[in-house]
Amino acid sequence: MSLIGKQIGDFKVNAFHNGDITEVSKESTLGKWSLFFFYPADFTFVCPTELEDLANNYDKFQAAGAEVYSVSCDTEFVHKAWHEESDRISKVTYPMLADPAHVLARNFEVLIEDSGLAERGAFIVDPEGVIQVELVTAGGIGRNAEELLRLLQAAQFVAEHGDQVCPAKWQPGAETLKPSLDLVGQL
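Residues numbered from 1 in each chain as written. Predicted model: local features only at pLDDT ≥ 70, side-chain atom pairs only at ≥ 80, totals over all residues. Heavy atoms only, no water.

**Remarks on the pairing of strand β9 (residues 131-137)**
In this structure, strand β8 (residues 120-125) lies alongside β9, joined through 6 bridges in antiparallel fashion. Each bridged residue has a counterpart across the sheet, and for Arg 120 the counterpart in β9 is Thr 137. In sequence, β8 turns back onto β9 through a hairpin of 5 residues, with Gly 129 there showing a positive phi of about 85°. (Pairing = 2+ DSSP bridges. Helix = DSSP H or I, 4+ residues; strand = E, 2+ residues; numbered from the N terminus.)

Take a look at the structure:
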């Protein structure tokens, strides 16, 4: 089942962020766009390449008015150790959410019950806490931060201009479509 259009569930978790342990809750995420970026585990293989890609593009997400939250079922202490040991992860300045109790993984329906790990899920959530984009890939398939940024920007555009939609490969400033009976069969 799709989570598109659904309100995210309540949560309160610890995070490793800029050298400190902080708390992140549903309430603290409201009022701005958010990317919840689930990955299986710290100290693994594809995961550090994805988190580094997000770190390299983090300023673009912030410029778009969005916060990035990476999420795994590891603890905040494991996040800290990984941040200190990995050259790739040392670049991360966005909050790394700890979900050892599987609260977020269950809320976003990405928990792999047998292993206690999360699927590779990316969710773009609007300022009201409603999921606008849901992307889940198999464990061996890494994601692209630039595509997630494009999806964020498209979701923001559609939210602001409800009478227009974004076609394939849309980029900010490109032409959009205004759905109408006149467009049927013309594209």
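The rest of the description comes next.
**Considerations on the UniProt feature "active site" (unreviewed entry) in the chain**
Here the UniProt-annotated "active site" (unreviewed entry) positions come out as Cys 47. Tracing the sequence through the fold places Cys 47 in helix α2 (residues 46-63). When sequence neighbours within four positions are dropped, the list of residues in contact with Cys 47 reads Tyr 39, Pro 40, Ala 41, Trp 82 and Arg 120. (UniProt positions renumbered as here; feature names shortened; annotations may be inferred. Contact = heavy atoms within 4.5 Å.)

**With respect to the packing of α2 against helix α5 (residues 145-160)**
A packed helix pair is summarised by two numbers, namely the angle formed by the two axes and the spacing between the axes. Viewed as axis vectors pointing N to C, α2 and α5 meet at an angle of 30°, and their least axial separation amounts to 9 Å. As summarised for this structure, α2 and α5 are arranged roughly parallel, according to the angle between their axes. The crossing of α2 and α5 is right-handed. Contacts between α2 and α5 pair Asp 53, Leu 54, Asn 57, Lys 60 and Phe 61 from the former with Ala 145, Glu 146, Leu 148, Leu 149 and Leu 152 from the latter. Residues belonging to the contact of α2 with α5 are distributed by class as follows: 6 nonpolar, 1 polar and 3 charged. (Axes fitted to C-alpha atoms, helices over the stretch in contact; angles between N-to-C directions. Parallel < 35°, antiparallel > 145°, perpendicular 65-115°, else oblique. Left-handed = near helix turned anticlockwise from the far one by under 90°. Nonpolar A, V, L, I, M, F, W, Y, C, P; charged D, E, K, R; others polar.)

**Thoughts on the side chain of Asp 99**
Turning to its location among the elements, Asp 99 is positioned in the loop between β5 (96-98) and α4 (103-107). As a buried residue without a salt bridge, Asp 99 has its nearest oppositely charged side chain in Arg 106, at a separation of 7.6 Å. Within polar-contact distance, the side chain of Asp 99 engages the backbone nitrogen of Ala 105 at 2.8 Å. Discounting residues that sit within four places of it in the chain, Asp 99 has contacts with Val 13, Val 71, Ser 72, Cys 73, Asp 74, Leu 104 and Ala 105. (Buried < 20%, exposed > 50% of the residue type's maximum accessible area, 1.4 Å probe, protein only. Lys, Arg positive; Asp, Glu negative; His and termini not counted. Salt bridge = Lys/Arg side-chain N within 4 Å of Asp/Glu carboxyl O. Polar contact = N/O pair within 3.5 Å; in protein donor to acceptor, adjacent residues only side chain to side chain.)

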